[in-house]
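Read off the chains here:
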Amino acid sequence: MSYAKHWQSLEHEDTNILLVKPKSFELINTTTESDEYHFLSSVMDSFNTDTTTLEQEGSTSANIVRNDFYKTILLSWQKRKIVERLAVIAQREDDWDGYDSKKPTEPTINRAKHFIEELLDNDFISARLLQLEPFICSDEDGYITFECYNDKRSLCFDIQENETRYTKIWRTSDNTMTQTDSLNRENHLTLWEWFLDE
Amino acid sequence: MNKNDFVEDDEELYRRLPINDHIQRYSHNNEGKVEINSKAFFDRDQQPSVDRAKLKNYDPKTSKLHDTDGIVSLIAGEVRGITIDNHTVDVIYAPILDFPKNLSHSLITVSSKNDLSKSKRKQAFSTLRRSLVLLSTVKIEPQEI
């Protein structure tokens with residue numbers, strides 16, 4: 001079995017077992033459910049998951065292990081990626097990009113952390129984070145930017161010390177429309193519902 | 001004005017996509033395909049450069065500066081169709097006659113109908129870049145070594 005570079009569904013010819021594999025994990029040659037379980041266990045270990053419980057479940061039903069893999073492991077991995085990305089951005093110094101861009105201030109970073117934590121705590125949004133692959137960065141003024149794109153829509157956030165602004169962009173048959181405004185508790189979920197409603 | 005000096009709405013445009021360095025301009029999606037973000041259109045002067053495909057013989061490779069560069073394409077009329085409050089988006093032909101000569105060179109501009117603060121100009125440019133991401137098609141993927 002070849003090692004895929006990115007997230008990928010792999011179907012076993014002999015068992016019809018589907019796996020989704022994050023790129024940072026190497027896949028052992030899984031030809032049996034037992035091997036599959038060992039692979040899942042190794043991934044779970046990297047997240048300090050309670051493998052004992054899962055082992056018990058896995059011994060009776062590989063499906064339970066697979067469900068946990070999707071619901072718990074992949075989501076945890078995605079969450080961790082986002083948190084790690086923010087940590088990298090937080091380490092930036094002034095002129096980090098060679099274009100005189102400012103480093104994000106501590107209050108901005110804290111606001112971004114809070115923004116992302118709230119996002120990840122929302123079941124409706126976090127369940128879709130696997131597909132979203134948001135792009136997180138900082139800009140020339142030290143704002144932290146959070147961008148999500150799909151085929152026809154974009155939802156972006158600019159996080160500053162005292163305010164978070166959103167920009168929604170959508171394609172129509174003739175034009176590309178845009179709207180920018182301040183983010184608040186009332187419009188946050190509505191914006192995500194708009195973006196995710198395909 | 002020469003008729004060739006105006007970028008027609010149906011013209012294809014090429015934008016060079018250098019490989020990621022300290023600036024992440026793209027990432028790979030679940031299927032391994034390149035997906036760009038707004039950094040792909042960053043420009044210090046807030047006027048991202050593009051090449052007119054028809055003046056490049058419709059060969060995106062000719063817009064590369066380095067072998068590893070990727071190329072994304074846009075349609076001029078779609079770029080002009082980006083609607084940002086109190087702003088006009090345009091594609092302007094701006095050939096470079098000095099070294100490095102580039103007779104296909106053009107600029108994507110966003111200009112305000114009013115005199116705006118620096119932060120509002122920045123916001124408009126940021127919205128432009130994000131809109132351009134939605135309108136872009138990856139023609140050649142950057143080749144990381």
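The rules we used
Residues numbered from 1 in each chain as written. Chains lettered and ligands numbered in written order. Predicted model: local features only at pLDDT ≥ 70, side-chain atom pairs only at ≥ 80, totals over all residues. Pairing = 2+ DSSP bridges. Helix = DSSP H or I, 4+ residues; strand = E, 2+ residues; numbered from the N terminus. Contact = placed C-beta atoms within 7 Å. Axes fitted to C-alpha atoms, helices over the stretch in contact; angles between N-to-C directions. Expected span 1.5 Å × (residues − 1). Buried ≥ 20, exposed ≤ 12 C-beta atoms within 10 Å, placed from the backbone. Nonpolar A, V, L, I, M, F, W, Y, C, P; charged D, E, K, R; others polar.

**Side note on the sheet that holds strand β4 (residues 144–149) of chain A**
The six strands are arranged β3(A)-β4(A)-β5(A)-β6(A)-β7(A)-β6(B) in an open sheet whose pairing can be described as mixed. One side of each edge strand has no neighbouring strand; the edge strands of this open sheet are β3 (135–138) of chain A together with β6 (82–83) of chain B. Where β3 of chain A and β4 of chain A come together, four bridges link them in antiparallel fashion. Paired with Cys137 of chain A across the bridge in β4 of chain A is Thr145 of chain A. On the sheet, helix α4 (residues 106–121) of chain A packs against β4, β5 (153–159) and β6 (164–171) of chain A and is oriented at approximately 140° with respect to β5 of chain A.

**Points about helix α2 (residues 118–135) of chain B**
Spanning 18 residues, α2 of chain B covers 26 Å between terminal C-alpha atoms, matching the ideal 26 Å at 1.5 Å per step. Of all the residues in α2 of chain B, the buried ones are Ala124, Phe125, Ser126, Thr127, Leu128, Arg129, Arg130, Ser131, Leu132 and Val133 of chain B.

**Things to note about the interface of chain A and chain B**
Contact with chain A, which involves 22 residues of that partner, is made by 24 residues of chain B. Listing elements by their share of the side of chain A that touches chain B, those giving two or more residues are β3, β4, β5, β6 and β7 (176–182) of chain A. With four residues, the single largest contributor to the side of chain A that touches chain B is β7 of chain A. Each residue belonging to the side of chain A that touches chain B can be placed in one class, and the counts come to nine nonpolar, seven polar and six charged. Sheet topology places β7 of chain A next to β6 of chain B; two bridges connect them, and they run parallel. By the bridge assignment for β6 of chain B, Thr176 of chain A is matched with Ile82 of chain B.

**Focus on the environment of Ser117 of chain B**
Relative to the assigned elements, Ser117 of chain B resides in the loop between β8 (105–112) and α2. Separated by 36 residues in sequence, Ser117 of chain B and Gly81 of chain B place their C-alpha atoms 24 Å apart.

**Describing unusual backbone geometry**
Residue and element names in this part refer to chain B. The residue after Phe99, namely Pro100, is reached through a cis peptide bond having omega -10°. Here Pro100 shows up in the loop between β7 (87–93) and β8. In this structure, Asn57 takes a positive phi of about 55° despite not being glycine. For Asn57, the position within the fold is in the loop between β4 (49–52) and β5 (70–75). Phi at Asn86 takes a positive value of approximately 60°, unusual for a residue other than glycine. In this structure, Asn86 sits in the loop between β6 and β7. Its 11 C-beta neighbours within 10 Å are what place Asn86 among the exposed residues.

Worth remembering: the numbers are spatial, not functional.
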